[in-house]
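One letter stands for each residue in the lines below.
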Amino acid sequence: MKLFILGLITMLSSHPVFGGPCDTAVSVSTSWPGGYTATLLIPITTTVNSWSIDVTFTAAISTLEVWNAASTTTDKKTFRLTNMSYNGAQSAGTVFNTVGFNAWYPSSNAFPAITSVLFNGVNVCSATAPSTAAPPTAAPVTTVLPTTVTVSTNPPSTTIVNTVPPSTAAPTTVAPVTTSAPGSCSSVASVSSAWPGGLTVTLIIPVSTSVTSWNIDVTFSATISGLQVWNAQMSTTNNIQFRLTNMNYNGVQNAGTIFNAVGFNVAYPAANPSPSIVSVVFNGINVCSAGAAPTTASVVTTTQSQTGSTAAPVTVTTSTSAVTSSAPSNSSVTPLNTKYNYVEVITKSLLFYYVQRSGRLPANDNPIPYRSDSALGDVGQNGEDLSGGYYDAGDFVKFGFPMAFMTTVVASSVLDYPLGYSSAGQLTNARNMVKWASDYFIKAHVAPNKLYGQVGDAYADHSYWGRPEDMTMARPASFISASNPGSDLAGETAAALTVTSMIFSQVNTTYSAICLSHAKDLYAFAKQYKVMYSSSISQAGDFYRSGSYGDELAWAAVWLYRATQDVAYLNDAKTYYNQYGLSGAGEFSWDSKAAGVQLMLAKLTNDTTYINAIKSFCDSKVNQPKTPKGLLFISQWGSLRHASNVAYICLQAADLGINSLVYRKFAQQQIHYALGDTGRSFVCGFGTNPPVRSHHRSSSCPNKPATCDWNTFNSPAPNAQILYGALVGGPDSNDNYDDNRQNYVTNEVATDYNAGFQGAVAALQTLAVNGQFI
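What this report covers is the structure whose coordinates are included nearby. (Residues numbered from 1 in each chain as written. Predicted model: local features only at pLDDT ≥ 70, side-chain atom pairs only at ≥ 80, totals over all residues. Heavy atoms only, no water.)

1. Brief notes about the overall build of the protein
Phase 1: Helix and strand counts for the protein come out as 18 helices and 29 strands.
Phase 2: Out of the 774 residues belonging to the protein, those deemed buried represent 60%.
Phase 3: Pairs at least 24 apart in sequence give 72% of the contacts found in the protein among residues at least 6 apart.
Phase 4: Accessible surface for the protein amounts to roughly 26500 Å². Of this, 52% is attributable to carbon and sulfur atoms. (Helix = DSSP H or I, 4+ residues; strand = E, 2+ residues; numbered from the N terminus. Buried < 20%, exposed > 50% of the residue type's maximum accessible area, 1.4 Å probe, protein only. Contact = heavy atoms within 4.5 Å. Areas by Shrake-Rupley, 256 points an atom, 1.4 Å probe, with all protein chains shown as cover.)

2. Quick look at unusual backbone geometry
Most of the time, phi is negative for any residue but glycine, and the peptide bond is trans.
Phase 1: Note that the residue after Lys 704, namely Pro 705, is joined by a cis bond; omega there is 10 degrees.
Phase 2: Considering the arrangement of structural elements, one finds Pro 705 in the loop between α15 (697-700) and α16 (710-714).
Phase 3: The residue Asn 283 is not glycine, and still its phi comes out positive at about 50 degrees.
Phase 4: Tracing the chain through its elements places Asn 283 in the loop between β24 (277-282) and β25 (285-286).
Phase 5: Among the residues examined, Asn 283 registers a relative accessible area of 31% and is labelled partly exposed.

3. Some details on the sheet that holds strand β18 (residues 215-220)
Phase 1: Spatial strand order, β20-β21-β18-β24-β25: five strands in an open sheet with antiparallel pairing. Each edge of the open sheet is held by one strand with a lone partner, namely β20 (233-236) and β25.
Phase 2: Summarising the sheet, β18 and β24 pair through five bridges and their orientation is antiparallel. Bridged to Phe 220 within β24 is Ile 277. (Pairing = 2+ DSSP bridges.)

4. With respect to the state of the cysteines
Phase 1: A full pass over the atoms with the stated rule returns four disulfides.
Phase 2: Bridging Cys 22 to Cys 125, the disulfide has an S-S length of 2.1 Å. Every disulfide takes its handedness from the sign of the S-S torsion; for Cys 22 and Cys 125 that torsion is 100 degrees, giving right-handed. Note that Cys 22 is positioned in the loop between β1 (8-11) and β2 (26-32) and Cys 125 in the loop between β12 (122-123) and β13 (141-142), a separation of 103 residues in sequence.
Phase 3: A residue is classified by how much of its surface remains accessible, and Cys 22, at 0% relative accessible area, is buried.
Phase 4: Given a relative accessible area of 12%, Cys 125 falls into the buried group. (Disulfide = S-S within 2.5 Å.)

5. What to know about the pattern of salt bridges
Phase 1: Within the structure shown, the criterion is met by 23 salt bridges.
Phase 2: Of the charged contacts, one joins Arg 360 and Asp 373 as a salt bridge, the two residues approaching to 3.2 Å between their closest N and O atoms. On the criterion of sequence distance, the pair formed by Arg 360 in the loop between α1 (342-355) and β27 (398-399) and Asp 373 in the loop between α1 and β27 is long-range, its members being 13 residues apart.
Phase 3: Residue Arg 360 is classed as exposed on the basis of its relative accessible area of 56%.
Phase 4: For Asp 373, a relative accessible area of 28% gives the class partly exposed. (Salt bridge = Lys/Arg side-chain N within 4 Å of Asp/Glu carboxyl O.)

6. A short note on the sheet that holds strand β11 (residues 114-119)
Two modes of strand pairing occur in sheets, parallel and antiparallel, and in both the strands are linked by backbone hydrogen bonds.
Phase 1: Across the sheet, which stays open at both edges, the five strands sit in the order β7-β8-β5-β11-β12 with antiparallel pairing between neighbours. Of all strands in the sheet, those bounded by a partner on one side alone are β7 (70-73) and β12.
Phase 2: Bridge analysis of β11 against β12 gives two bridges, and the strand direction is antiparallel. The residue bridging Phe 119 from the neighbouring strand is Val 122, located in β12.

7. Topic: the packing of helix α11 (residues 594-605) against helix α12 (residues 608-623)
Phase 1: Axis separation between α11 and α12 bottoms out at 8 Å; the angle between their running directions is 140 degrees. Relative to α12, the element α11 is oriented oblique. At the point where α11 passes α12, the crossing takes the left-handed sense. Contacts between α11 and α12 pair Ala 595, Gln 598, Leu 599, Leu 601, Ala 602 and Thr 605 from the former with Tyr 610, Ile 611, Ala 613, Ile 614 and Phe 617 from the latter. (Axes fitted to C-alpha atoms, helices over the stretch in contact; angles between N-to-C directions. Parallel < 35°, antiparallel > 145°, perpendicular 65-115°, else oblique. Left-handed = near helix turned anticlockwise from the far one by under 90°.)

8. Some remarks on helix α4 (residues 427-444)
Phase 1: Across its 18 residues, α4 extends 26 Å between first and last C-alpha, which sits within 8% of the 26 Å expected from 1.5 Å per residue.
Phase 2: α4 sits mainly inside the fold: 13 of its 18 residues count as buried. (Expected span 1.5 Å × (residues − 1).)

9. Some points on the nonpolar core
Phase 1: Trp 559, Ile 614, Leu 675 and Phe 757 are the most contacted members of the largest nonpolar core, which totals 144 residues.
Phase 2: Other than its neighbours up to four places away in sequence, Ile 614 contacts Ala 595, Gln 598, Leu 599, Ala 602, Ile 649, Ala 653 and Ile 658.
Phase 3: Core analysis: the next-biggest nonpolar cluster, separate from the first, contains 31 residues, Cys 22, Leu 64, Phe 79 and Phe 101 among them. (Core = buried A, V, L, I, M, F, W, Y, C linked by side-chain atoms within 4.5 Å.)

10. Considerations on the packing of aromatic side chains
The description of an aromatic ring pair uses the distance of the two centres, along with the angle that the planes make with each other.
Phase 1: For the structure shown, the criterion picks out 37 aromatic pairs.
Phase 2: Between Phe 399 and Phe 543 the ring centres are 5.7 Å apart and the planes differ by 35 degrees, which places this aromatic pair in the tilted class. You can see Phe 399 sitting in strand β27 and its partner Phe 543 sitting in helix α8 (residues 538-543), a full 144 residues away along the chain.
Phase 3: Judged by relative accessible area, which is 3%, Phe 399 ranks as buried.
Phase 4: Owing to a relative accessible area of 27%, Phe 543 belongs among the partly exposed residues under this scheme.
Phase 5: Taken together, Phe 399, Phe 401, Tyr 459, Tyr 533, Phe 543, Tyr 544 and Trp 590 form an aromatic cluster joined through their ring pairs.
Phase 6: Here Arg 357 stacks its cationic end above the ring of Trp 436, 4.6 Å away from the centre of that ring.
Phase 7: Its guanidinium or amino end placed over the ring of Phe 479, Lys 450 lies 4.3 Å from that ring's centre, counting from NZ or CZ. (Phe/Tyr/Trp six-rings, centres within 6.5 Å; stacked < 30°, edge-to-face > 60°. Lys NZ or Arg CZ within 6 Å of the ring centre and 35° of its normal.)

11. Topic: the side chain of Ser 62
Phase 1: Examined against the element boundaries, Ser 62 turns out to sit in the loop between β5 (52-57) and β6 (63-67).
Phase 2: Ignoring any residue separated from it by four or fewer positions in sequence, one finds Ser 62 in contact with Lys 76, Trp 104, Tyr 105, Pro 106 and Asn 254.

12. Section: the packing of helix α7 (residues 509-528) against helix α10 (residues 567-579)
Phase 1: Contact pair α7 / α10: the axes reach a minimum separation of 14 Å and the direction vectors enclose 35 degrees. You can see that α7 and α10 cross each other, and the crossing is left-handed. The segment α7 lies against α10, with Lys 520, Tyr 523 and Lys 527 engaging Tyr 569, Asp 572 and Tyr 576.
Phase 2: Residue composition of the contact of α7 with α10, grouped by class: three nonpolar, no polar and three charged. (Nonpolar A, V, L, I, M, F, W, Y, C, P; charged D, E, K, R; others polar.)

13. Overview of the side chain of Asp 735
Phase 1: Topologically, Asp 735 is positioned in the loop between α16 and α17 (744-747).
Phase 2: Buried charge without a partner: Asp 735 forms no salt bridge, and the closest opposite charge is Lys 629, 5.9 Å away.
Phase 3: Reaching out from Asp 735, the side chain makes a polar contact with the side chain of Thr 627 at a distance of 2.7 Å.
Phase 4: Apart from residues lying up to four places away in sequence, Asp 735 is in contact with Thr 627, Pro 628, Lys 629, Leu 631 and Tyr 673. (Lys, Arg positive; Asp, Glu negative; His and termini not counted. Polar contact = N/O pair within 3.5 Å; in protein donor to acceptor, adjacent residues only side chain to side chain.)

Everything listed here is a matter of geometry and, on its own, says nothing about what the molecule does.
See below:
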């Protein structure tokens, strides 16, 4: 499997590290050359309805990337952070700790300490003289890299690559792979890992003149298959020369610094020689020298078990005969002192969503070697392009209703727990994962009152076992409209696009506005024509029949209020809350959002009505008798999904100060049950004895040209591919579990199963990084 992201950060103690006046108000959780991540810890002495926080650094910085606040500055030394629509109200006696930021500065400069933090004009720092010393250096560690590669923040040395030969073969070495850029470019292109068919490269650009924008032209010695880039936009016409251009946050580079934030994965045919970089041109100037020849090293191979590991990479023997994809391993050092490696879980969960993608897959962003373009002919009744989106579960139908719920939940976790993703090196991937869905919803919303809600005939689809790339059955598309409406489907899709607009509001303002515009239209459509979507898309009712549309109307309205601060949406949400009896909830799922509505209204209004409602929901789950091994059991179908969804909701309730320790312990117990507390993992490709026979078509199929059909389904052998990160349905009320491909109740996977689970892990990772709860 191609290495799809490089996430090297130096992890520091989560305690403040400035050694000066702001120790108590600023907690630095991570640091790297040229930047650090910090969380503000503000004691609230007087209840407020709005706030501003003025943060002053010892020197001007390059950029401040803020979450849960709006940011302005005139000198890049003092920044004013102001409340969002949803977090202006803060109660006396609490500690406000949801605002954080990434501070970026020239890596050659002194560490910019914070000298002052003013909350509504009052300095919350102590009176001790500030220190401008950099935080103490911790041993460099690696956040999870999705292949068995040992790397560090030091210069590259030995690289371990997992080529995973068949289990009957002894591990072998492969052809030598170039591990540094050749000749003239060895000083500006650092290769940190290499494997047959791929390289990971970081560019090291000396900036001789200050610039406000840049482009980098990288030329290879031969055509490559693809280039996956981070911290730059990429274009090419010939797959030999690639132009990388700045993002909106890193165009400014100061003279005398080294710019080393741009890197990429190079993919090339494994049978070919490793391609070399022959030219790197920064704003028209070739920054390569006339230096030494490249070094070459043999790639060391090992075989990888299906079981995964939470310890340092080790050489093990493949436990199945059919594994054909390389395993994303854990980091060589666990990033935080948590029982399970949350970084690895987040990374692998996102890999599962890569597997589920439908449509044309970008050559430079497809880390799944057994997946390629599929269902390119998905069109609407008038020829509208409906390609893209996500396959629902182990099948290949695109059900809009659960896909929208999944998108809302994952996007909300990116919005509220960005540190959980950024500390895992996965924030950009998480946003892109959400965007793959929102791009599809925008296509499917072909008119203000018309939305396609299903693509594919579920019965024809379920009669086929094989690869999505090989499908030949007809894939009809069904929609809702003014004459055949569906408030639940339109409302949930409105919620999904609203949250998506929020996570892109500071990244891509144009796209954010497009999402919000569609969301408003869909909400108006849902509000005007109050009918359940299964009345209009009858087949969807056989698989995802909604019990009511009232919760989706309130859910959409409350998210729109959070995004727009338009009180009309808040009033709608309150009305629906009462009208449709949303004060009680038994679960949080694709069909029931009442608990989510309670949570959001509690968060946005601080009203005891809603606080008590969400407290009642979480208390009932905490107190509910568990299975013998500790699982909150709500329903047999997707038992782990239900427990994870409740965990996600109650972690957010804990963030509001409601029974925080109790809810966090409860949520952690439920997530740890899935990760291995019973003695086995229920997440494919993670931990001890994970599932290897998930009810999932594409991962069950061997590599082409081998046949994949119902004989594959009926085979007792493990799936041919490891379905990294997928949460299976799970055990029954007595903790019995059957790792059987034919048992779709216990062993099917689904995009909505992973949504709340991934969100809960991101929340736990955030708490761990902040040192609040481990």
